[in-house]
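Examination of the molecular architecture
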Amino acid sequence: INAEYMGLEIDGEQLCQSTAIATYAAKVGNAGLYPSDPLQAAKVDMFMQTLEELMGALAPFMREKDEEKKKAIAEEWVTVTCKRYMGALDSVAAKSGSDFAVGSALTVVDIALMNMAATLGSGRLPHLPATLFDAYPALKAAGAAAAADARIQAYLAK
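Because the structure is predicted, anything quoted here is derived from the model rather than measured.

Moving on: the overall build of the protein chain. Each helix and strand in the protein chain was counted, giving seven helices and two strands. For the protein chain, the sequential pattern of α-helices and β-strands runs β-β-α-α-α-α-α-α-α. What you see for the protein chain is a C-alpha radius of gyration of 16 Å, in line with the 15 Å of a compact globule of 158 residues. Principal-axis analysis of the C-alpha atoms gives the protein chain an extent of 50 × 40 × 30 Å. A separation threshold of at least 6 residues defines the contact pool for the protein chain, and within that pool the share at least 24 residues apart is 62%. Within the structure as shown, the protein chain displays about 9,400 Å² of accessible surface, and the carbon and sulfur contribution to it stands at 55%.

Within helix α1 (residues 18-27), the full set of buried residues consists of T19, T23 and A26. Along the axis of α1, the buried residues cluster in a sector spanning 60°; they form a single face. Close packing links the buried residues of α1 with α2 (38-56) and α5 (108-120). Looking one or two residues beyond α1, the residue adopting positive phi is G29, at roughly 75°.

This part takes up the layout of surface pockets. When its volume is computed, the largest pocket comes out at roughly 370 Å³. Forming the boundary of the largest pocket are 13 residues, of which S18, T19, L51, E52 and M55 lie nearest the centre. Of all elements in the fold, only α1, α2 and α5 reach the threshold of two or more residues within the lining of the largest pocket. The greatest single-element share of the lining of the largest pocket, amounting to five residues, is contributed by α2. Here the lining of the largest pocket is composed, by residue class, of seven nonpolar, five polar and one charged.

This part covers the nonpolar core. Counting 41 residues, the largest nonpolar core has W77, M86, L120, L128 and L139 as its most contacted members. Elements represented by at least two residues in this core include exactly α2, α4 (67-94), α5 and α6 (137-148). No other element matches α4, which puts eight residues into this core. Those residues in contact with M86, other than ones at most four positions away along the chain, are L54, T81, M116, L132, F133, Y136 and L139.

This structure, assessed with the given rule, holds two salt bridges. A salt bridge links D134 to K140; the nearest nitrogen and oxygen atoms lie 2.5 Å apart. Overall, D134 belongs to the partly exposed group, its relative accessible area being 45%. Between R151 and D149 there is a salt bridge; the shortest N-O distance is 3.1 Å. We classify R151 as partly exposed; its relative accessible area is 43%.

This structure, assessed with the given rule, holds zero aromatic pairs. Above the plane of the ring of Y34 lies K27, whose end atom (NZ or CZ) is 4.6 Å from the centre. Its guanidinium or amino end placed over the ring of F61, K70 lies 4.8 Å from that ring's centre, counting from NZ or CZ.

Phi at D11 takes a positive value of approximately 50°, unusual for a residue other than glycine. Checked against the element boundaries, D11 lands in the loop between β1 (8-10) and β2 (13-15). Look at D11 and you get exposed, because its relative accessible area is 79%. One non-glycine residue, H127, lies in the positive phi region at around 75°. Its location among the elements puts H127 in the loop between α5 and α6.

What counts and what doesn't
- Residues numbered from 1 in each chain as written.
- Predicted model: local features only at pLDDT ≥ 70, side-chain atom pairs only at ≥ 80, totals over all residues.
- Heavy atoms only, no water.
- Helix = DSSP H or I, 4+ residues; strand = E, 2+ residues; numbered from the N terminus.
- Rg over C-alpha atoms; globule rule 2.2 N^0.38 Å.
- Contact = heavy atoms within 4.5 Å.
- Areas by Shrake-Rupley, 256 points an atom, 1.4 Å probe, with all protein chains shown as cover.
- Buried < 20%, exposed > 50% of the residue type's maximum accessible area, 1.4 Å probe, protein only.
- Arc of directions from axis to C-beta.
- 1 Å grid on protein atoms, 1.4 Å probe; cavity = no way out; pocket = protein on both sides within 12 Å on 5 of 7 lines; lining within 4 Å.
- Points joined across faces, edges and corners; volume = space filled by probe spheres on them.
- Nonpolar A, V, L, I, M, F, W, Y, C, P; charged D, E, K, R; others polar.
- Core = buried A, V, L, I, M, F, W, Y, C linked by side-chain atoms within 4.5 Å.
- Salt bridge = Lys/Arg side-chain N within 4 Å of Asp/Glu carboxyl O.
- Phe/Tyr/Trp six-rings, centres within 6.5 Å; stacked < 30°, edge-to-face > 60°.
- Lys NZ or Arg CZ within 6 Å of the ring centre and 35° of its normal.

Here it is as structure tokens:
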């Protein structure tokens, strides 16, 4: 736990780590962003933890100052790390039977994929292809489904 980056206080308790905060937020209230079915919930956790590992693997890229080294890190991340993690997640999401990554309704995973696709697709990260999600159609569809959700659109319009 990194005490320097406390992100959320709830009833005097501190929560940090974006995945823990996102999962907590998905479970409270009545938005239905976290499944009550234990197997579906485990799949949501699996996705969230894998996405956290995947994005964590980009840390060396973000810290690197030398452009040639940065380019090499990015190439390995795209061709090895993404292929492994996103390929596996894409296969699982394709089996959901819907445009959502887990089950037939919007979950916190779809929102995470929407954010990830927006960040990587922005073109602002040098050496990372803005078209990365094109190779993972089920993940791309889940992110797009989140972006099309009226609740998400209303929130983003604020």
